[in-house]
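What the coordinates show
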Amino acid sequence: MSAAVLTPGANTTLPAAQRIRVAVGWQPTQVPGMEVDASAFLLGAEGKVPDDAHFVFYGAPSSPDGDVRLDTDAGDLIGFEIKLATLPARVASIDICVTIHEGQARSQRFGDLERVFARVLDGDTEVARFELPTAGMQETAITLLSLYRRHEQWKVRALGQGFVDGLGPLARLYGVEISEEQRPPPAPPKPDTAPVPAPAPVNLSKVTLEKRGHSVSLEKQQDSGFGEILFNLNWNQHSGAKRGGFLSGLLGTDSSAIDLDLGCLWQLENGQTGVVQALGNAWGHYQGPPFIVHGGDDRTGAMAEGETIRINGDRLSQIRRILVFAFIYEGAPNWAAADGVATVRLPGQPDIEVRLDNPSAGQGMCAIALIENDAGRLKVTKEERYFRGHPEMDRAYGWGLRWVAGSKD
Amino acid sequence: MGVSLSKGGNVSLSKEAPGLTAIDVGLGWDSRVTDGSAFDLDASAFLLSDSGHVRSDADFIFYNNLSGADGAVVHQGDNLTGEGEGDDEVVVVELGKVPADVQKVAFTVTIHEAETRKQNFGQVNNAYIRVVNKADGKEIARYDLSEDYSIETAMIFGELYRHGDEWKFKAIGQGFAGGLAPLAKNFGVNVG
């Protein structure tokens with residue numbers, strides 16, 4: 001049997017295989033600055049995912065039972081391994097999509113490519129192929145294939161339809177709630193309304209440091225430095241409301257919002273050490289030592305951009321190491337309510353995101369990431385280690401500063 | 001809930017709904033939810049004689065000729081987007097007023113400008129045709145085309161036809177190459 005060559009709208013029956021592979025690719029295979037991703041949505045009969053775990057993408061490369069797995073190590077292709085035989089009955093179809101990462105922000109669209117294609121493979125045998133010429137397409141997210149059940153068989157339909165605005169509307173079509181890059185301004189707290197626990201949205205940002213201890217190492221550019229390294233901390237402004245109202249009086253807790261602070265310990269090549277943080281008004285300097293500057297205090301989290309620390313990467317030669325941390329200045333050390341997200345932006349690199357969601361009880365301090373001058377290379381390591389406070393963290397990293405209690409104005 | 005037909009199946013409307021005098025033939029499909037060119041689907045009805053052809057061009061009921069056979073068959077108007085709940089387009093048939101030399105009425109749906117917009121039925125979801133008793137609003141028969149189409153741009157959804165003294169309805173689900181013009185020519189309409 002030769003492979004069925006599908007045109008948009010056409011369908012064909014798949015062989016009764018235990019498992020198949022779907023390989024997604026595009027041409028040209030490389031466009032400078034463009035990142036193409038593939039994702040799979042496992043859909044119920046209504047065309048929606050049962051829950052967010054049924055959205056398989058770079059941030060979640062396997063479906064709950066492992067029936068659909070993303071394989072990104074297939075050269076120029078992105079592959080999906082799909083165990084048709086063991087897929088639960090509630091999965092009525094699987095839609096295979098391609099998206100351009102931040103396509104809109106970077107003014108990229110599928111029209112910048114010549115074509116995208118998908119191949120369905122049973123073992124090494126190609127059973128179906130769909131090639132979509134993309135000339136003129138403004139879309140940044142396209143559903144290529146839909147695999148679906150029909151009379152106890154699996155079939156595949158070629159689609160080739162999508163969205164100009166990318167993965168966001170595509171995910172919403174399939175019932176996946178996603179977190180936006182730009183969060184809307186916070187709604188005023190409603191103390192008399194019981195908070196409704198919302199499911200955590202799937203995050204579409206690139207997470208390059210998956211686990212604690214992972215690191216990236218960057219070589220210096222030929223004739224320039226590393227540029228500016230930006231740390232940003234943002235958190236949930238609604239946390240105060242969760243403890244407000246009737247229960248706050250009953251439990252006697254403070255109803256004020258959580259105040260999360262971003263700071264860092266620094267150590268220069270000459271051995272000098274110190275701290276940059278809002279507490280004690282240690283704002284730092286960018287052009288001079290310690291080549292780190294704090295962007296200002298955000299007492300409520302209400303500033304859309306949160307708190308930032310900028311590190312002068314061009315002066316890396318004078319820096320030995322920097323430990324960036326976040327701590328809860330006021331209120332119970334309730335990280336779950338704070339819902340903090342730290343983002344590290346390195347020039348020319350995908351953003352690194354660290355979610356501060358994995359603490360032990362009573363620990364209000366979180367070491368986020370360690371930046372080191374590793375023989376001229378810039379090395380960033382995800383830490384995400386929780387401590388009771390500054391002294392404990394200092395000891396753990398052997399910084400050797402002396403700590404006294406302080407407070408903000 | 002009426003009789004659910006599959007492709008080729010038929011049902012006697014007269015038996016399912018004794019005393020039936022008029023029907024709404026509802027045709028539906030889901031509008032496009034993705035970006036790109038909108039889908040504009042058009043329902044038409046062809047009043048056909050024994051020969052399988054229209055008696056005259058006036059028997060071609062479509063968006064530019066909404067009423068035929070002295071009001072026996074009336075198209076309720078064009079829906080440009082397929083948006084909204086319920087049937088997208090409806091054709092009302094007064095069974096008693098259908099001329100005796102009309103043997104059957106074919107209901108078709110075509111995709112407007114399918115070729116230039118590169119569209120076909122494989123990209124349309126949940127297409128159906130159903131027959132509703134005008135008197136009480138109850139559905140008598142329904143045919144979900146779901147899988148009975150692929151890359152066609154014109155489809156015959158169903159047929160209403162005489163069988164002795166009865167009116168019957170048959171699920172057709174037959175695709176047709178090209179758009180409304182070749183389909184109309186096939187039924188004997190002189191398309192300019």
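Residues numbered from 1 in each chain as written. Chains lettered and ligands numbered in written order. Predicted model: local features only at pLDDT ≥ 70, side-chain atom pairs only at ≥ 80, totals over all residues.

1. Structural notes on the overall build of chain A
Scanning chain A for helices and strands turns up five helices and 24 strands. Residue burial in chain A is summarised as follows: out of 409 residues, 40% are buried. Sequence separation of 24 or more characterises 66% of the internal contacts of chain A that already satisfy a separation of 6 or more. (Helix = DSSP H or I, 4+ residues; strand = E, 2+ residues; numbered from the N terminus. Buried ≥ 20, exposed ≤ 12 C-beta atoms within 10 Å, placed from the backbone. Contact = placed C-beta atoms within 7 Å.)

2. Quick notes on the overall build of chain B
When you go through chain B residue by residue, the secondary structure sums to three helices and 13 strands. Across the 192 residues that make up chain B, the buried fraction comes to 43%.

3. What about the environment of A:Arg90?
Residue and element names in this part refer to chain A. Along the polypeptide, Arg90 turns up in the loop between strand S7 (77-82) and strand S8 (93-100). When the C-alpha atoms of Arg90 and Gly44 are compared, they prove to be 5.6 Å apart, with 46 residues separating the residues in sequence. In this structure Arg90 touches Gly44 and Pro50, once residues within four positions along its chain are discounted.

4. Some words on unusual backbone geometry
Of note, the amide linkage connecting A:Gln27 to A:Pro28 takes the cis form, showing an omega dihedral of -5°. Along the chain, A:Pro28 turns up in the loop between strand S3 (20-27) and strand S4 (36-43). In the segment running from A:Pro289 into A:Pro290, the intervening peptide bond is cis, with an omega of 5°. Mapped onto the elements of the fold, A:Pro290 is located in the loop between strand S17 (284-285) and strand S18 (292-294). At A:Ser107, a position not held by glycine, the phi torsion is positive, near 55°. Counting through the fold element by element, A:Ser107 comes out in the loop between S8 and strand S9 (115-122). Although it is not a glycine, B:Ala69 sits at a positive phi angle of roughly 50°.

5. Thoughts on the sheet that holds strand S14 (residues 228-234) of chain A
All names here are of chain A. In spatial order, the strands read S17-S18-S19-S14-S21-S22; together these six strands make up an open sheet with antiparallel pairing. Each edge of the sheet is formed by a strand with only one pairing partner; in this case those strands are S17 and strand S22 (352-356). Across two bridges, S17 lies against S18 in antiparallel orientation. Residue His285 lies in a different strand from S18, and its bridge partner there is Ile292. (Pairing = 2+ DSSP bridges.)

6. Thoughts on the nonpolar core
Within soluble globular proteins, side chains that are nonpolar tend to cluster in buried spots. Within the largest apolar cluster, 57 residues are counted, with the highest numbers of intra-cluster contacts made by B:Leu13, B:Val105, B:Phe107 and B:Phe157. With six residues, the single largest contributor to this core is strand S4 (residues 41-48) of chain B. Among residues more than four places away in sequence, those in contact with B:Phe107 are B:Val25, B:Leu27, B:Ala43, B:Ala45, B:Val91, B:Ile129, B:Phe157 and B:Gly158. Among the nonpolar cores identified, the runner-up in size contains 52 residues, and A:Val36, A:Ile78, A:Ile96 and A:Phe130 belong to it. (Core = buried A, V, L, I, M, F, W, Y, C linked by C-beta atoms within 7 Å.)

7. What about the interface of chain B and chain A?
The interface of chain B with chain A comprises 12 residues on the first partner and 14 residues on the second. Its residues assigned to classes, the side of chain B that touches chain A comprises three nonpolar, six polar and three charged. (Nonpolar A, V, L, I, M, F, W, Y, C, P; charged D, E, K, R; others polar.)

8. Some points on the pairing of strand S16 (residues 273-276) of chain A
Residue and element names in this part refer to chain A. Inspection of the sheet shows strand S15 (residues 259-268) paired to S16 by four bridges, in the antiparallel sense. Looking at the pairing, Leu265 lines up with Val275 of S16. Where S15 folds back onto S16 in an antiparallel hairpin, the turn is made up of four residues, including Gly271, whose phi is positive at roughly 95°.

9. Here's the deal with the pairing of S4(B)
Residues and elements named next belong to chain B. Of all the eight residues making up S4, eight are buried; the element is thus mostly covered by neighbouring parts of the structure. Side-chain alternation along S4 places Leu41, Ala43, Ala45 and Leu47 on one buried face and Asp42, Ser44, Phe46 and Leu48 on a second face that is also buried. Direction of pairing for S4 relative to strand S9 (residues 104-111): antiparallel, over a ladder of eight bridges. Its bridge partner being in S9, Ala45 is matched across the sheet by Phe107. Sheet topology note: the S4/strand S5 (residues 60-61) ladder contains two bridges and is antiparallel. Bridge pairing in S5 places Phe46 opposite Phe60.

10. Considering helix H5 (residues 390-397) of chain A
All names here are of chain A. His390, Met393 and Asp394 are the residues of H5 that are buried. Projection of H5 onto a plane perpendicular to its axis shows the buried side chains occupying an angular sector of 100°, all on one side. Phi for Gly398, located one or two positions after H5, is positive at around 65°. (Arc of directions from axis to C-beta.)

11. Digging into the sheet that holds S5(B)
Spatially, six strands are ordered S2-S13-S12-S9-S4-S5 (chain B) in an open sheet, and the strand pairing comes out antiparallel. The open sheet terminates on both sides in strands that have one partner only, identified here as strand S2 (10-12) and S5 of chain B.

12. Description of the environment of A:Ile309
Residue and element names in this part refer to chain A. When you line up the elements, Ile309 lands in strand S19 (residues 307-312). By C-beta crowding, Ile309 is classed as buried, having 24 other C-beta atoms within 10 Å. Taking the C-alpha atoms as reference, Ile309 lies 8.4 Å from Cys264; in sequence the two are 45 residues apart. Look past the residues within four positions of Ile309 in its chain and what remains in contact with it is Phe231, Leu262, Cys264, Val276, Ile292, His294, Gly295 and Val324.

13. Concerning the confidence of the model for chain A
Residues and elements named next belong to chain A. When the pLDDT values of chain A are averaged, the result is 79; 76% of them are 70 or greater. Confidence scores differ between elements of chain A, with helix H3 (residues 245-251) showing the lowest mean pLDDT of 35 and S8 the highest of 95. Contacts for the low-pLDDT stretch residues 203-211, under 50 throughout, to residues beyond four places or in other chains number 19 contacts. Contacts for the low-pLDDT stretch residues 239-255, under 50 throughout, to residues beyond four places or in other chains number 26 contacts. (pLDDT = per-residue confidence, 0-100.)

14. A short note on the confidence of the model for chain B
Here chain B averages 89 in pLDDT, and 94% of its residues register 70 or above. Of all secondary-structure elements in chain B, the lowest mean pLDDT belongs to helix H2 (residues 114-117) of chain B, at 84, while S2(B) reaches the highest, 96.

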